[in-house]
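Now for the letters of each chain:
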Amino acid sequence: MNARKDFIEYEAVLRYCCKKTKNNHEQAVHYGQLSGYFTTDNKLTPMGRRIAQYIEDGLAA
């Protein structure tokens, strides 16, 4: 994967997590880690990439 796509996916998942936590960035990152979307060093996991694809397809809740 290229860096641009990685960035876009990461931002999409982070935005999704921010919506779930009422726009608190720290809580959003923590929520993403607890949900299995981010690693402890804030990289997307395979689950996070799947969520990014759902967001892109308009299927995320």
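Provided above is the structure to which this section pertains.
All of the points below concern the structure found in this document. It should be emphasised that the depicted structure is a prediction, and the values quoted were computed from it without experimental measurement.

### Describing the environment of I51
Mapped onto the elements, I51 comes out in helix α3 (residues 46-57). Along the backbone, I51 and G36 are 15 residues apart, and their C-alpha atoms lie at a distance of 10 Å. Dropping the residues within four chain positions of it, I51 is found in contact with V13, Y16 and Y37.

### Structural notes on the nonpolar core
Core analysis: the largest hydrophobic core is formed by 13 residues, its most contacted members being V13, L14, C17, Y37 and F38. When residues in this core are grouped by element, the largest group, six residues, is from helix α1 (residues 3-20). Apart from residues lying up to four places away in sequence, C17 is in contact with A28, Y31, G32, Y37 and F38.

### Some thoughts on unusual backbone geometry
Of note, the phi angle at N42 is positive, near 60°, even though the residue is not glycine. Along the polypeptide, N42 turns up in the loop between α2 (25-34) and α3. Exposure remark for N42: the relative accessible area of 31% places this residue in the partly exposed category.

### Things to note about α1
Here α1 spans 26 Å end to end across 18 residues, near enough to the 26 Å set by a 1.5 Å rise per residue. Every buried residue of α1 is listed here: E9, Y10, A12, V13, L14, Y16, C17 and C18. For α1, the side-chain oxygen to backbone nitrogen distance between the N-cap and R4 is 3.3 Å, and the N-cap itself is N2.

### Digging into the packing of aromatic side chains
Under the defined criterion, the tally for this structure stands at three aromatic pairs. Relative to F38, the ring of Y10 lies with its centre 5.0 Å away and its plane at 45°, an arrangement referred to as tilted. Here Y10, found in helix α1, pairs with F38, found in the loop between α2 and α3; they are 28 residues apart in sequence, far enough to count as distant. Owing to a relative accessible area of 19%, Y10 belongs among the buried residues under this scheme. Residue class for F38 comes out buried when judged on its relative accessible area of 3%. Aromatic pair Y31 and Y37: ring centres 6.5 Å apart, planes at 70°, arrangement edge-to-face. Judged by its relative accessible area of 27%, Y31 is partly exposed. With a relative accessible area of 9%, Y37 lands in the buried category. Through a chain of ring-to-ring contacts, three or more aromatic side chains come together here, namely Y16, Y31 and Y37.

Rules behind the numbers
- Residues numbered from 1 in each chain as written.
- Predicted model: local features only at pLDDT ≥ 70, side-chain atom pairs only at ≥ 80, totals over all residues.
- Heavy atoms only, no water.
- Helix = DSSP H or I, 4+ residues; strand = E, 2+ residues; numbered from the N terminus.
- Contact = heavy atoms within 4.5 Å.
- Core = buried A, V, L, I, M, F, W, Y, C linked by side-chain atoms within 4.5 Å.
- Buried < 20%, exposed > 50% of the residue type's maximum accessible area, 1.4 Å probe, protein only.
- Expected span 1.5 Å × (residues − 1).
- Polar contact = N/O pair within 3.5 Å; in protein donor to acceptor, adjacent residues only side chain to side chain.
- Phe/Tyr/Trp six-rings, centres within 6.5 Å; stacked < 30°, edge-to-face > 60°.

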